[in-house]
Amino acid sequence: MTTRVVLNNFDLITAHSAATFPRGIHEMKIFRIAALLMSLLIAFTGFVSAQAPVFSVFRDYITGLSLPVFVTNAHDGSGRIFIVQQRGIIKVVQPRSRITSDFLDLTGVVSTSGNERGLLGLAFHPQYASNGRFFVYYTRASDGAIRIAEYSVSADPNKANQTPVRVFITIAHSQFSNHNGGTIAFGPDGYLYAGTGDGGSGNDPNNNAQNINSLLGKILRIDIDTPVGQVPEYSIPPTNPFAGATPGADEIYAFGMRNPYRFSFDRGGTHQLWVGDVGQDAIEEVDNIVLGGNYGWRVYEATRCTNNDPGLCVPTNYLPPVFEYSSADPIRCSVTGGYVYRGMQKAVPFGSYVYADYCSGEILLWNDNQQTVLLDTDRAISSFGEDENGELYVVNLGGTVDRILGQKPASSDFNGDGMTDQSVFRPSDGTWYTRHSQTGAITTRAFGIDGDIPAPEDYDGDGRTDLSVYRPSNATWYTFTSLANTFTATQIGTTGGVPAPADFDGDGKGDVALFTPSTGGWEIRRSGDGGTSTALWGTESDIPVAADYDADGKADVAVWRPSDGTWYTINSSDSGLVSLPFGATGDIPLPADYKGDGSADHAVYRPSSGAWYIREISGGSAVANWGTAGDIPVPGDYDQDGLDDIAIFRPSTGAWWVIGSLRGITQYPAWGVANDLPIARFDTP
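Residues numbered from 1 in each chain as written. Predicted model: local features only at pLDDT ≥ 70, side-chain atom pairs only at ≥ 80, totals over all residues. Heavy atoms only, no water.

## Some remarks on the overall build of the protein
- Across its full length, the protein holds two helices and 52 strands.
- Put simply, the protein has 685 residues, and 58% of those count as buried.
- In the protein, the proportion of contacts linking residues at least 24 apart, taken out of those at least 6 apart, comes to 50%.
- One way to put it: in the protein the 45 positive side-chain charges average out to a point 4 Å from where the 76 negative ones average out. (Helix = DSSP H or I, 4+ residues; strand = E, 2+ residues; numbered from the N terminus. Buried < 20%, exposed > 50% of the residue type's maximum accessible area, 1.4 Å probe, protein only. Contact = heavy atoms within 4.5 Å. Lys, Arg positive; Asp, Glu negative; His and termini not counted. Charge placed at Lys NZ, Arg CZ, Asp CG, Glu CD.)

If you want it as structure tokens, here you go:
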């Protein structure tokens, strides 16, 4: 039993028309398609949430694509993502952008015949940042042969050279157009791995998967760090199971695969290789691949004897999948392999495996030896993708890429809907006035007195911002938590301190923290264990700017120095000390996650010009002119997309102006009067 949930105002999913529901990347069971399309058109008007962990998806993060089949990154620190389109074009997307540009055009090289042929895979060399080498997996236009070729980046980092450096492998595949595999990836050992299909048709009529002299139906492993012109172009890792004099093709790493279309290495843990091997018509399977493993096809479909070779059905001769699920129903029919989640945004349980079924559109989770439906969509999920931070993307063959969002709560979000609310604290009467961004509902509560400093945070970890003030006159922190409606008073530091609350211990709860400018001292009361941390970091004129700059899920102790515009940070991930000049005297520091990658960006607002400067990964800055003299900057996530937005509060009129990363420019009705303190200014995103 599932319950339909349209996630607030996301405008999440609209049904496909028959013309925009491509079938080709996985072998589809043709007799199911008509019924499947009809069920999608009738039923799937939004994402559907089953009983599973709550997470969200940023729909249409990238649009305007043509048959996208893969997303990856270059591991070069640039923050870019690359999108592979089946008919031959690789797109590049810059950080803090959702606009694509062409990186490489192979439309004259790749096959356009058949639903499963085309440009299917892309892998960047582990040292791409210094050598500019990358590799593509495609089917050749002339005959459908599988090819793995090397290309190189041009002098322009966002353009590749059109001429290949060399072709490493060509595998004949002309008899049938399906089961081409498609993934290539570098393993933790530095070798290049490739997954090939069994050659096509049904039930592997040529018995390629069990033939150790055929490169079809295999996981291959080769060494591509060889001189150009070497024959053959690659070398064989000496530990490959059939290397050297041992009978069998030297390139084989594992065999008995049907169509290992999508696979990935766990970027953490034991770096296990996970493969989604598409089933025939009864069972879909996910395998952990080991050196020399035989995974059974065509003798077995997962753990089911196919009776193609009944005399060979001896279970102990083959390796079973990690898990399997039935595809013998009218909805599920084709597994799309995914990734073990190692991101820092807590999108799903850390170390769990995220994958999908192409036919049902379900995003699935394997965790604690149990399969769970995370989300039902109307997407034709051709692949997942992973960025440099380990965050995941959902590739829709219909022309879009969606982004899986984490659980990072929005700042100044008093009702827990993931959106920053318009809220002010009125010192004259100690009242908090809040208008909720999504519903327009209004709440007021007296909490504080004149002279108090608002110190809002989610102190109880319920996803809602709590009312809190710091009283400098007695160095006391007063908080009213939303989860248990509990009032607390905490004395910390001495008079003259500046409140700097944040989640320093990574437990999902805000910690009371005070910066004392006169001494440069920090005192932090950890919510996780009730202990106290201290640090000497800063000088008398510094401004505390605690935030998670290193994307480890913990806020870092940090200050901004107005005298020279430098940010000084102690990274919580490695205790590294970082100094970064960005800004000028008179600027207002505004750390926030403007690009949605889980790390705080360095940003300043310049009141003299109304300009916002947000530091780019390249060292440059994105500039937006948004504000006038007297405006107060109030960044936050006003459109519920996981990215913080540029916004100002105008005390003279009470107006709130936002440049939403999803919704664009929005002016909210007046909320607040002169001398009110906008809460978003005090709650660091």
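This is not the end of the story, as more comes after the structure.
## Let's talk about the pairing of strand 13 (residues 192-195)
- Burial of the side chains of strand 13 extends over both faces: Leu 192 and Ala 194 are buried on one face and Tyr 193 and Gly 195 on the other.
- When strand 12 (residues 184-186) meets strand 13, the two strands line up antiparallel, connected through three bridges. Bridging from a neighbouring strand, Ile 184 pairs with Ala 194 of strand 13.
- Summarising the sheet, strand 13 and strand 14 (residues 218-222) pair through four bridges and their orientation is antiparallel. Bridging across to strand 14, Leu 192 finds its partner in Ile 222. (Pairing = 2+ DSSP bridges.)

## Let's talk about the pattern of salt bridges
- Taken as a whole, this structure holds 25 salt bridges when the rule is applied.
- Between Asp 143 and Arg 140 there is a salt bridge, with its nearest N and O atoms 2.8 Å apart.
- The partly exposed category is assigned to Asp 143, whose relative accessible area is 29%.
- With a relative accessible area of 23%, Arg 140 lands in the partly exposed category.
- Salt bridges sharing partners connect three or more residues here, namely Arg 133, Glu 150, Arg 166, Asp 225 and Glu 233. (Salt bridge = Lys/Arg side-chain N within 4 Å of Asp/Glu carboxyl O.)

## A look at the side chain of Glu 386
- Tracing the sequence through the fold places Glu 386 in strand 26 (residues 381-386).
- Each residue touching Glu 386, except ones within four places of it in the same chain, is listed here: Val 71, Thr 72, Asn 73, Arg 267, Tyr 339, Val 340, Glu 391, Leu 392 and Tyr 393.

## Comments concerning the state of the cysteines
- One pass over the full model with this rule turns up two disulfides.
- One disulfide bridge connects Cys 305 with Cys 313, the sulfur atoms lying 1.9 Å from each other. The chirality of the disulfide connecting Cys 305 with Cys 313 is right-handed, given an S-S dihedral of about 75°.
- Each sulfur of the disulfide joining Cys 333 and Cys 359 lies 1.7 Å from the other. Taken as a pair, Cys 333 in the loop between strand 21 (323-326) and strand 22 (335-340) and Cys 359 in the loop between strand 23 (353-357) and strand 24 (362-367) lie far apart in primary sequence, 26 residues in all. For the pair Cys 333 and Cys 359, one class covers both residues: buried.
- In the protein, the cysteines engaged in disulfides, taken in order along the sequence, are linked 1-2, 3-4. (Disulfide = S-S within 2.5 Å.)

## Focus on the sheet that holds strand 42 (residues 566-570)
- The four strands lie next to each other as 40-41-42-43, forming an open sheet whose pairing is antiparallel. Each having just a single partner strand, strand 40 (543-544) and strand 43 (577-581) make up the two edges of the open sheet.
- Sheet topology places strand 40 next to strand 41 (residues 557-561); two bridges connect them, and they run antiparallel. Following the sheet pairing, Pro 544 is matched in strand 41 by Val 559.

## Examining the sheet that holds strand 50 (residues 655-660)
- One open sheet accounts for four strands, arranged 48-49-50-51; its pairing is antiparallel. Edge strands, defined here as strands with exactly one partner in the open sheet, are strand 48 (632-633) and strand 51 (664-668).
- The sheet contact formed by strand 49 (residues 646-650) and strand 50 spans five bridges and is antiparallel. Note that in strand 50 the partner of Ala 647 across the bridge is Val 658.

## A look at unusual backbone geometry
- Here Val 231 and Pro 232 are connected by a cis peptide whose omega angle stands at -10°.
- For the bond from Trp 297 to Arg 298, the omega torsion is 15°, close enough to zero to count as cis.
- Assignment of secondary structure puts Arg 298 in the loop between strand 18 (283-289) and strand 19 (300-301).
- Despite not being glycine, Asn 203 shows a phi value in the positive range, around 65°.

## A look at the nonpolar core
- Counting residues in hydrophobic clusters, the biggest one holds 43 residues, and the most contacted among them are Ile 90, Phe 103, Leu 122, Phe 134, Val 136 and Ile 363.
- Every residue in contact with Leu 122, bar those within four places of it in the chain, is listed here: Phe 70, Thr 72, Phe 82, Val 84, Ile 90, Phe 134, Phe 135, Val 136 and Ile 184.
- Counting residues in each nonpolar core, the second largest holds 23 residues, with Leu 120, Ala 194, Ile 222 and Ile 252 among its members. (Core = buried A, V, L, I, M, F, W, Y, C linked by side-chain atoms within 4.5 Å.)

## Section: the environment of Gly 338
- With respect to the element layout, Gly 338 can be found in strand 22.
- Spatially, the C-alpha atoms of Gly 338 and Arg 262 are 6.9 Å apart, while their sequence positions differ by 76 residues.
- Those residues within four positions of Gly 338 in sequence are excluded, and the remaining contacts are Ser 264, Tyr 353, Val 354, Tyr 355 and Phe 384.

## Let's talk about the environment of Pro 126
- Looking at where Pro 126 falls in the secondary structure, it is placed in the loop between strand 8 (119-124) and helix 2 (128-131).
- The class for Pro 126 is partly exposed, based on a relative accessible area of 38%.
- As for Pro 126 and Thr 163, which are separated by 37 residues in sequence, their C-alpha atoms are 21 Å apart.

## Some details on the packing of aromatic side chains
- The tally for this structure, following the rule as stated, stands at 33 aromatic pairs.
- Here the aromatic rings of Phe 103 and Phe 134 are separated by 5.3 Å at their centres, their planes lie at 50°, and the arrangement is tilted. Placement of Phe 103 in strand 7 (residues 100-105) and of Phe 134 in strand 9 (residues 133-139) is noted, with a sequence separation of 31 residues between them. Like Phe 134, Phe 103 is buried.
- Just above the ring of Tyr 325 sits the side chain of Arg 332; from NZ or CZ to the centre is 5.6 Å.
- Here the guanidinium or amino end of Arg 445 rests over the ring plane of Phe 480, the centre of that ring lying 4.1 Å away. (Phe/Tyr/Trp six-rings, centres within 6.5 Å; stacked < 30°, edge-to-face > 60°. Lys NZ or Arg CZ within 6 Å of the ring centre and 35° of its normal.)

## What to know about the environment of Arg 606
- With respect to the element layout, Arg 606 can be found in strand 45 (residues 603-606).
- In this structure Arg 606 comes out as partly exposed when scored by relative accessible area, which is 22%.
- Taking the C-alpha atoms as reference points, Arg 606 and Tyr 61, 545 residues apart in sequence, are found 30 Å from one another.

## Focus on the pairing of strand 31 (residues 442-446)
- Counting buried residues along strand 31, only zero of its five residues qualify, which leaves the element largely exposed.
- The sheet contact formed by strand 30 (residues 431-435) and strand 31 spans five bridges and is antiparallel. Bridging from a neighbouring strand, Thr 434 pairs with Thr 443 of strand 31.
- Between strand 30 and strand 31, which pair antiparallel and follow one another directly, the connecting turn spans six residues, one of which, Gly 440, has a positive phi of 80°.

## Structural notes on the confidence of the model for the protein
- Mean pLDDT over the protein stands at 89; residues scoring 70 or higher make up 91%.
- Within the model, pLDDT remains below 50 along residues 1-54, and this stretch shows 140 contacts once partners closer than five positions in the same chain are excluded. (pLDDT = per-residue confidence, 0-100.)

## Some points on the side chain of Thr 476
- Here Thr 476 lies in strand 34 (residues 476-481).
- There is a polar contact of 3.1 Å between the side chain of Thr 476 and the backbone oxygen of Asn 474. (Polar contact = N/O pair within 3.5 Å; in protein donor to acceptor, adjacent residues only side chain to side chain.)

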